[in-house]
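# Commentary on secondary and tertiary structure
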Amino acid sequence: LAVFQIHSSAKIAHLNNELSTQMKSMHDLQSSLNQMQSLVHHEENEIGGLRKFVGSKFNFTMQNIDAIVNETQTTLNEEVQKVNDDVSSQNNFIAYEFAGIFAVLGTLVFLWHTTSHLRDMNEPFVQRKILAILWMCPIYSVTSWLGLVFTSAEPYLSMIKDFYEAYCIYT
C-alpha cells in the first residue's frame, strides 16, 4: 500500500506538474490571443482610417475632375458657338457675293440688250415697251441684293419693285 501511495503521489505530482504546464501554456495562449486580438483591432482601426482618408481623397479628386470637365464643356461650347457664328457670317458673306455677282451680270446683260435696241430703233413704239420690261432686271436684281444686305430696308426696296412692276403692266 505504501508503494501504491508513493506511486500515486508521484503520479499525482506528475499530473499536477503537467496540469500546471498545461495551465501555463493555456495562460500563454490566452495572452497571445489577447495580443493578437488587440493587434487585429488596432489594424482594423488603421484600415478604417485609411478607408476614410482614401474616400475623402477620392471624393476631392472626383470633384476636381467634375469641375475640370464642366469648365472644358463650357469652353468647348463657347468655341463651337464662335465657330458657328464665324461660319454663319461667312455663309452670309458668300450669299452677298453671289447675289451681287448675279446682280452685276444681270445688269450687264440688260445694258447689252438696251444698247442693241437703242442702236436699231426700227419700231420705237414696241421697243419702248421692251426697254421698260428690260429695266425690270436691274431694278429687281439691285433692290433684291440691297434687301439682302440691308434687311431693315427690304420692305421699302420691295415697294420700289412693286411700283415698277405696276408701271410695266400699266404701259
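Residues numbered from 1 in each chain as written. Predicted model: local features only at pLDDT ≥ 70, side-chain atom pairs only at ≥ 80, totals over all residues. Heavy atoms only, no water.

Next up on the list: the overall build of the protein. Of the regular secondary structure elements, the protein holds 4 helices and 0 strands. Starting at the N terminus, the α and β elements of the protein follow one another as α-α-α-α. For 171 residues, the compact-globule estimate of 2.2 N^0.38 gives 16 Å, and the C-alpha radius of gyration of the protein, at 53 Å, exceeds that figure by more than 25%. With the C-alpha coordinates aligned to their principal axes, the bounding extent of the protein is approximately 175 × 25 × 20 Å. Here the protein holds 171 residues, and 11% of them are scored as buried. For the protein, the share of sequence-separated contacts (at least 6 apart) that also reach a separation of at least 24 residues comes to 56%. (Helix = DSSP H or I, 4+ residues; strand = E, 2+ residues; numbered from the N terminus. Rg over C-alpha atoms; globule rule 2.2 N^0.38 Å. Buried < 20%, exposed > 50% of the residue type's maximum accessible area, 1.4 Å probe, protein only. Contact = heavy atoms within 4.5 Å.)

Next up on the list: helix H2 (residues 124-134). Turning to H2, its buried residues are Gln127, Leu131, Ala132 and Leu134. On an axial view of H2, the arc spanned by its buried residues comes to 160°, and they lie on one face. Seen from the buried face of H2, the exposed residues on the opposite side, beyond 90 degrees, are Phe125 and Ile133. (Arc of directions from axis to C-beta.)

The next point concerns a nonpolar patch on the surface. A cluster of nonpolar residues, Ile94, Phe98, Ile101, Phe102, Val104, Leu105, Leu108 and Leu111, forms a patch on the protein surface that exposes about 770 Å² of accessible area. Looking at the secondary structure, you find Phe98 in helix H1 (residues 2-119). (Patch = residues over 30% accessible without salt bridge, like charges linked within 9 Å, V, L, I, M, F, W, Y side chains within 5 Å. Areas by Shrake-Rupley, 256 points an atom, 1.4 Å probe, with all protein chains shown as cover. Salt bridge = Lys/Arg side-chain N within 4 Å of Asp/Glu carboxyl O.)

All chains considered together, the criterion is met by 1 salt bridge. The salt bridge involving Glu79 is made with Lys82; its shortest N-O contact spans 3.8 Å. Of the two residues, Glu79 and Lys82 are both situated in helix H1; the distance of 3 residues between them amounts to about one turn of the helix. Overall, the relative accessible area of 47% leaves Lys82 in the partly exposed class.

Glancing now at the environment of Arg51. Mapped onto the elements of the fold, Arg51 is located in helix H1. A residue is classified by how much of its surface remains accessible, and Arg51, at 62% relative accessible area, is exposed. As a C-alpha pair, Arg51 and Val87 span 36 residues in sequence and 52 Å in three-dimensional space.

This brings us to the packing of aromatic side chains. Inspection of the entire model under this criterion finds 3 aromatic pairs. Measuring from ring centre to ring centre gives 6.5 Å for Phe98 and Phe102, while their planes differ by 20°; the resulting arrangement is stacked. Residue Phe98 and its partner Phe102 are located together in helix H1, separated by 4 residues, close to a single helical turn. Judged by centre distance (4.6 Å) and plane angle (55°), the rings of Phe110 and Trp135 are tilted. Of the two residues, Phe110 sits in helix H1 while Trp135 sits in the loop between H2 and helix H3 (136-149), which places them 25 residues apart along the sequence. Judged by relative accessible area, Phe110 falls into the buried class, the value being 5%. The class for Trp135 is partly exposed, based on a relative accessible area of 42%. (Phe/Tyr/Trp six-rings, centres within 6.5 Å; stacked < 30°, edge-to-face > 60°.)

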